[in-house]
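One-letter residues, chain by chain:
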Amino acid sequence: MNFATWSIRNPIPVVVLFALLTIAGVWSFVRLPIQDMPDIENPAVKVVLSQPGATPGQLEVEVARPVENAIAPLDRLAHMQTTITEGQVTIEAEFELSKSLSDALSEVKEAVDGVRSTLPDDLEEPSVTEVNVLEDPLQVYAVKSSEMDDEALSWFLDDVVARRITKLAGVGRFERIGGVNREITVEVDPESATAIGVTPMIVSRALESMQQQLSGGRGTLGESDQSVRVSALVPDARSLEHLAISLPGGGYAALGEIARVRDGARDRTQIALLDGRVAVGFRIFSAKGADVTQMAHRVDAELGDLVATTRGLQIVRLSNTVDQTLEQYDGSMDMLYEGGALAMLVVWLFLRDWRATVVAAVALPLSILPAFAGMEALGFSLNTLTLLALAVTIGILVDDVIVEVENIKRHAIAGKPIKQATADAVVEIAIVVLATTLCLVCAFLPTTIMPGVPGMLFKQFGWTAIVAVLCSLLVARLLTPMMAAWLLKPDTKGERADGWLMRIYLATADWCLAHRLVTVAAAALFLTGSVLLVPLIPTGLIPADDVGNTTIDVEMAPGTALEATTGKTEEIRRALAAVSGVEHVLAIVGSGQEPGSGGNTAELLVTLAAKEYRPRLAVVEDQIRDALANVPGARFSVGSGGLGQSAELMLASADANALRVSVRAIEREMRGLAALSNIRSSASLERGEIVIRPDTLRTAERGIATEMIGDSVRVATGGDFDHEVGRLNFENRQVFLRVRLADPVRGDPRALADLRIPGAKGLVPLTSIAAISVESGPTQIDRFDRERTITISADLGSASYGATMAEVMALPSVKALPSSVSFIEAGDSEIAGDLQRGFITAIAAGIVCVYAVLVVLFKDFFQPVTILSAIPFSLGGALALLLISGSELDVPSLIGMVTLIGVVTKNSILLVEYAIMGIQDGGLSVRDALIDACHKRARPIVMTTVAMIAGMAPIAAGLGSDASFRQPMALAVIGGLITSTALSLLIVPVVFSCVLSAKTRVAARILP
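- Looking at an unreviewed UniProt entry, the protein chain carries the name Efflux RND transporter permease subunit, with the source organism given as Dongia sedimenti.

Structure, rendered in structure tokens:
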């Protein structure tokens, strides 16, 4: 059954069908979540193992290697990356995409649990969680209060703000920045404690054992049962001074006799400064699948209510990626409207018939709206890639309709009644419409199965485009014939004479057919020139967005105190005063509550003015780098860390010395490259550490175990582990009771040497049983697949990623690496490799799939080669326009080239199908059939091409919001369309003639 002619005879079912599809599409559109990028379920698992106070070297041997060895045999493990810092080991295990995340989580947890008994006893409970590839904070706020001090404001954020924000739909995580945690510190006087025979550790364990509430069973009072509870809790910090502490030799002493109790704050591990003033802030992360715009609206409303109901509270928003997401969304939707309007204008200019224009105009919304229903059914969102797919298909969606309407008009001009003209036209064009649609599907389909993280991202792009294209086929075969039959009017003017442009074109096509060798040679010369353009175009990954903020990462020498790093960030902030467009600077100094990182690092979030009041972000970042060039004593990295914004090399070796030597040589030579700045490596400088080495003979004589020495020193200098300390219960929280020596004593090396250690015969000085020395060790150890690694990185600024990496790889030190040192493809280089391989595979697979479809539809193995011959001609135009515009050969431009595979074959299909029909049905000679095909199909080919260029024009011009991601794609498509259309109109007939001649000769030789 022919659906097109059936729809002419039965219009009501068609109207009902598309009414339902439209309603479903509108319903889905309002329900689809708006996001920046698609959610990714990457089978990657993070294991965090904490042993406070342990050095990286110790953790590598005792913790990291046993756990790595347990995880390594797991099924389909791809890579394992380990970072070891003071007190913490972080292992990220990445599995192949065929493994489910739930299986990966359970298997890794079982592997860690299997070796838990062999790990140190004081290791905290391991944490096993999934890795979120694209997890960045959506919003960053700073909070001020005239009524609360730093500790009260910090608790207000933890207790009130966090509770109210995390209950909102769409919020995944709340994270406080800066501030302090309340803690009751018991500062032991060493002389008083020694006089009565106790140490800080004895006091700490005594408090922990006494400050408890315990179940006492059940009792009976009268006729009722009562629970029994043992409570030994003091009501407040002041009461602790009167608490009796049991002495080892008998008797007791009041805690206030040997220690000072201070109700204050825990030692700072992080400090936040907003424009130079101490502040407290917080970050908000979204949950998977959440609509970030609705989430942001809820957060703003909740914070507004908090400010209105809390006296003296001020909340300042410093960063909001939701604004950028919403701007991209609005810009993409505007491009859809503008592109569609321009495409319709092209139809009207060619046909000069408002009725035909209305028929074509209906196709666009009725193709896109059902696509929204398909997106919701597939679990997609309205994000950068799905909206890009719809932008790509703007011109494509009306192609089939334009071809059908133009063919109907041509038949009507011949004098046929409109219904007969419609029926004849849609039957004649059926194979063309089906072939062009399936070719587009074949072009987009490989992007849905690309490998790695890029494949997970572009899956939504490919399927969105495929659904939209299939919806356009449905419109073209059902709705367009029905509307044309009932809306169009007969053309009484008859056939019109060819214009001067058509006459010139037909004469040129005829000349090309008469001079096939010259034409083929010219085509070969064009293709050669196209290939020669490739090295002239810089390569990249993802174009940098012009967002309203940037980040400066600061690293100082290992062991640098928090106060010194804070002073350096203030120096940096003052240097930024000369940079145009900087509004606020939020400095986050230190590592927060994470063990293992010190106070020698800082992150500065630089908030910029609106786009109309500042240069582009890339210019601002270059100005920041220039300003920081005069700030000594720290390593800097400028930029948000997006793909392609930095050059990275990861080197691995089992020989630690050879690895360090190679890294130093490469770093030295990289400093000579003008394109690179802020060159740094993960090979951390060594920091000093105090090492206590017990004398085993003396400790054995005094009955002192090594564990006792470690516990005594740890408690005295920094306090016990959190799970070992006592707690003071308040109405709405618990506060730690941390026992240690007083601050002045902790900073005295002689006090450490004189520290008393409990032994079998009483307390003994530490120096009498151990040697104390100052040594050094690494602050961080990185490992990849169970080998030590060092990563060298540098800021690229506005330099090309591909060209700069080529310069780096050509350095003598890189080429002369020893055999024991190897490169590891990780980070940006791994993603770049995945993208390159993925797009090459997608283009090759797309061409093969298109060929297979054409063979099936045309029942011929030779003529599909003619149709595919138009694809190479698109390369020159795409590359030329990218070169002229100064764009890079990056991910968006490669998307445009994948799109061209399906688009440019459309022109060839129109020509080849009509030529075959003229030869087989019309009895024309090959040359006459080709000239007739050029005559009849030139106008629809030019119309569809111009319509698609018009649809892409607003994107290529960069109109509206930041179009840095979409613009290269549009430029590649427009350039490819121009050259492929112009050349295919002339060269495809020649290729058709050559292929047909070759087919005839082959058949003559094979067949008898």
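**Some words on the overall build of the protein chain**
For step 1, the next point in the chain: Each helix and strand counted, the protein chain has 34 helices and 30 strands in total.
For step 2, the next point in the chain: In terms of overall dimensions, the protein chain has C-alpha extents of about 120 × 75 × 60 Å along its principal axes.
For step 3, the next point in the chain: Across the 1008 residues in the protein chain, those meeting the buried criterion constitute 52%.
For step 4, the next point in the chain: Long-range pairs, those at least 24 residues apart, make up 80% of the contacts in the protein chain between residues at least 6 apart in sequence.
For step 5, the next point in the chain: Just so you have it, the protein chain exposes about 43200 Å², and 57% of that area is on carbon and sulfur atoms.
For step 6, the next point in the chain: Charge-centre separation for the protein chain: the mean point of 83 positive side chains lies 5 Å from the mean point of 112 negative side chains.

**What about the packing of helix α10 (residues 321–351) against helix α33 (residues 926–956)?**
For step 1, the next point in the chain: Packing of α10 against α33 brings their axes to within 8 Å, and their N-to-C directions diverge by 150°. The orientation of α10 relative to α33 falls into the category roughly antiparallel. As α10 runs across α33, the sense of the crossing is right-handed. Only R939, V942, M943, V946, A947, A950, G951, P954 and I955 of α33 make contact with α10, whose side of the interface consists of M335, E338, G339, L342, A343, V346, F350 and L351.
For step 2, the next point in the chain: Residues that form the contact of α10 with α33 fall into these classes: 13 nonpolar, two polar and two charged.

**Notes on the confidence of the model for the protein chain**
For step 1, the next point in the chain: On average, residues of the protein chain carry a pLDDT of 83, and 95% of them reach 70 or more.
For step 2, the next point in the chain: Throughout residues 593–597 the model reports pLDDT below 50, and contacts reaching past four residues in sequence, or to other chains, amount to 15 contacts.

**Details of a nonpolar patch on the surface**
For step 1, the next point in the chain: On the surface, L342, L345, W348, L349, W354 and V358 cluster together into a nonpolar patch covering about 550 Å² of accessible area.
For step 2, the next point in the chain: For the nonpolar patch, the secondary structure elements donating two or more residues are α10 and α11 (354–377).
For step 3, the next point in the chain: Sorting elements by how many residues they give to the nonpolar patch places α10 first, with four residues.
For step 4, the next point in the chain: Relative to the elements of secondary structure, V358 occurs in helix α11.
For step 5, the next point in the chain: On the basis of relative accessible area, V358 is assigned to the partly exposed category, the value being 33%.

**Points about the side chain of Q51**
For step 1, the next point in the chain: Here Q51 is to be found in the loop between β1 (44–50) and α3 (56–71).
For step 2, the next point in the chain: The class of Q51 is buried, set by a relative accessible area of 5%.
For step 3, the next point in the chain: Only 2.8 Å separates the side chain of Q51 from the side chain of D122, close enough to count as a polar contact.
For step 4, the next point in the chain: When near neighbours in sequence (up to four residues on either side) are disregarded, Q51 contacts Q58, L59, V63, G87, P120, D122 and L123.

**What about the environment of V903?**
For step 1, the next point in the chain: With respect to the helices and strands, the residue V903 is situated in helix α32 (residues 891–920).
For step 2, the next point in the chain: With 507 residues separating them along the chain, V903 and I396 place their C-alpha atoms 7.4 Å apart.
For step 3, the next point in the chain: With residues up to four places along the chain from it excluded, the contact list for V903 reads I396, L440, M948 and L977.

**So, the sheet that holds strand β7 (residues 182–188)**
For step 1, the next point in the chain: Strand order in the open sheet made by the four strands is β12-β7-β24-β23, with mixed pairing throughout. Two strands lie at the open edges of the sheet, namely β12 (259–265) and β23 (726–729), each paired on one side alone. Looking at each pair of strands side by side, their axes are set apart by 30° on average, direction ignored.
For step 2, the next point in the chain: Pairing of β7 with β12 involves seven bridges; the strand directions are antiparallel. Residue pairing in the sheet places I184 in a bridge with D263 of β12.

**Details of the packing of aromatic side chains**
For step 1, the next point in the chain: Evaluated as defined, the whole model comprises six aromatic pairs.
For step 2, the next point in the chain: Both rings, one in Y141 and one in F282, keep their centres 5.1 Å apart while their planes meet at 20°; by these two values the pair is stacked. Taken together, the residues Y141 in strand β5 (residues 139–145) and F282 in strand β14 (residues 277–286) connect sequence positions 141 residues apart.
For step 3, the next point in the chain: Since its relative accessible area comes to 3%, Y141 is described here as buried.
For step 4, the next point in the chain: F282 sits in the buried class, given a relative accessible area of 0%.
For step 5, the next point in the chain: Among the aromatic side chains, those forming a connected cluster through ring pairs are Y141, F174 and F282.
For step 6, the next point in the chain: Over the aromatic face of W486 sits the side chain of K419, whose NZ or CZ is 3.8 Å from the ring centroid.
For step 7, the next point in the chain: The ring of F721 has R714 sitting right over it, with the charged end atom 3.9 Å from the ring centre.

**Here's the deal with the side chain of S653**
For step 1, the next point in the chain: With respect to the secondary-structure elements, S653 resides in strand β20 (residues 646–653).
For step 2, the next point in the chain: Reaching out from S653, the side chain makes a polar contact with the backbone nitrogen of D655 at a distance of 3.0 Å.
For step 3, the next point in the chain: Setting aside residues up to four positions removed in sequence, S653 forms contacts with L659, E787, R788, S820 and V821.

**A few points about unusual backbone geometry**
For step 1, the next point in the chain: If you check the backbone angles, R76 has positive phi at about 60° while not being a glycine.
For step 2, the next point in the chain: Relative to the helices and strands, R76 resides in the loop between α3 and β2 (77–85).
For step 3, the next point in the chain: In this structure, R786 is a non-glycine residue whose phi angle is positive, near 70°.
For step 4, the next point in the chain: In this structure R786 comes out as partly exposed when scored by relative accessible area, which is 41%.

**A word on the nonpolar core**
For step 1, the next point in the chain: Within the largest apolar cluster, 166 residues are counted, with the highest numbers of intra-cluster contacts made by F458, F461, M670, L676, F839, L854 and M952.
For step 2, the next point in the chain: It is helix α17 (residues 452–487) that contributes the most residues to this core, 18 residues altogether.
For step 3, the next point in the chain: Excluding residues within four positions of it along the chain, L676 makes contact with A647, M670, A794, D795, L796, T804 and V808.
For step 4, the next point in the chain: Counting 26 residues, the second largest nonpolar core, distinct from the first, contains I552, M556, V585 and A602.

**What to know about the pattern of salt bridges**
For step 1, the next point in the chain: Applying the stated criterion across every chain yields a total of 45 salt bridges.
For step 2, the next point in the chain: Put simply, K288 and E130 hold a salt bridge, and the shortest N to O gap is 3.1 Å. Remark: E130 occurs in strand β4 (residues 127–130) and K288 occurs in the loop between β14 and α9 (292–309); sequence separation between them is 158 residues.
For step 3, the next point in the chain: Three or more residues are tied together by salt bridges with common partners; here these are E60, R65, E68, R783 and R788.

**What about empty space enclosed by the protein?**
For step 1, the next point in the chain: Counted according to the given criterion, the structure contains five cavities of 30 Å³ or more.
For step 2, the next point in the chain: The calculated volume of the largest cavity comes to roughly 80 Å³.
For step 3, the next point in the chain: Forming the walls of the largest cavity are 14 residues, and the residues nearest its centre are Q328, Y329, N383, T384 and L387.
For step 4, the next point in the chain: Breaking the lining of the largest cavity down by element, the ones donating at least two residues are α10 and α12 (384–392).
For step 5, the next point in the chain: The dominant element in the lining of the largest cavity, judged by the number of residues it contributes, is α10, at four residues.
For step 6, the next point in the chain: Its residues assigned to classes, the lining of the largest cavity comprises six nonpolar, six polar and two charged.

**Considerations on the state of the cysteines**
For step 1, the next point in the chain: Within the structure shown, the criterion is met by zero disulfides.
For step 2, the next point in the chain: Take C471: it sits in no disulfide, and the sulfur closest to it among the cysteines is that of C442, at 17 Å.
For step 3, the next point in the chain: Relative accessible area serves as the criterion here: at 13%, C471 is assigned to the buried category.
For step 4, the next point in the chain: C849 takes part in no disulfide bond, and the closest cysteine sulfur, belonging to C442, lies 5.0 Å away.

**What about the packing of helix α14 (residues 399–413) against α33?**
For step 1, the next point in the chain: Two elements in contact, α14 and α33, have axes separated by 9 Å at closest approach and are oriented at 145°. Between α14 and α33 lies a crossing of right-handed hand. Of the residues in α33, those in contact with D399, I402, V403, E406, N407 and R410 of α14 are K936, R937, R939, P940, M943, T944 and A947.
For step 2, the next point in the chain: Residues belonging to the contact of α14 with α33 are distributed by class as follows: five nonpolar, two polar and six charged.

**Topic: helix α24 (residues 706–718)**
For step 1, the next point in the chain: Relative to the 18 Å expected for 13 residues at 1.5 Å per residue, α24 spans 18 Å between its end C-alpha atoms, a close match to the ideal helical length.
For step 2, the next point in the chain: Of the positions making up α24, those classed as buried are I709, D711, S712, V713, R714, V715 and A716.

Criteria and cut-off values
Residues numbered from 1 in each chain as written. Predicted model: local features only at pLDDT ≥ 70, side-chain atom pairs only at ≥ 80, totals over all residues. Heavy atoms only, no water. Helix = DSSP H or I, 4+ residues; strand = E, 2+ residues; numbered from the N terminus. Buried < 20%, exposed > 50% of the residue type's maximum accessible area, 1.4 Å probe, protein only. Contact = heavy atoms within 4.5 Å. Areas by Shrake-Rupley, 256 points an atom, 1.4 Å probe, with all protein chains shown as cover. Lys, Arg positive; Asp, Glu negative; His and termini not counted. Charge placed at Lys NZ, Arg CZ, Asp CG, Glu CD. Axes fitted to C-alpha atoms, helices over the stretch in contact; angles between N-to-C directions. Parallel < 35°, antiparallel > 145°, perpendicular 65-115°, else oblique. Left-handed = near helix turned anticlockwise from the far one by under 90°. Nonpolar A, V, L, I, M, F, W, Y, C, P; charged D, E, K, R; others polar. pLDDT = per-residue confidence, 0-100. Patch = residues over 30% accessible without salt bridge, like charges linked within 9 Å, V, L, I, M, F, W, Y side chains within 5 Å. Salt bridge = Lys/Arg side-chain N within 4 Å of Asp/Glu carboxyl O. Polar contact = N/O pair within 3.5 Å; in protein donor to acceptor, adjacent residues only side chain to side chain. Pairing = 2+ DSSP bridges. Phe/Tyr/Trp six-rings, centres within 6.5 Å; stacked < 30°, edge-to-face > 60°. Lys NZ or Arg CZ within 6 Å of the ring centre and 35° of its normal. Core = buried A, V, L, I, M, F, W, Y, C linked by side-chain atoms within 4.5 Å. 1 Å grid on protein atoms, 1.4 Å probe; cavity = no way out; pocket = protein on both sides within 12 Å on 5 of 7 lines; lining within 4 Å. Points joined across faces, edges and corners; volume = space filled by probe spheres on them. Disulfide = S-S within 2.5 Å. Expected span 1.5 Å × (residues − 1).

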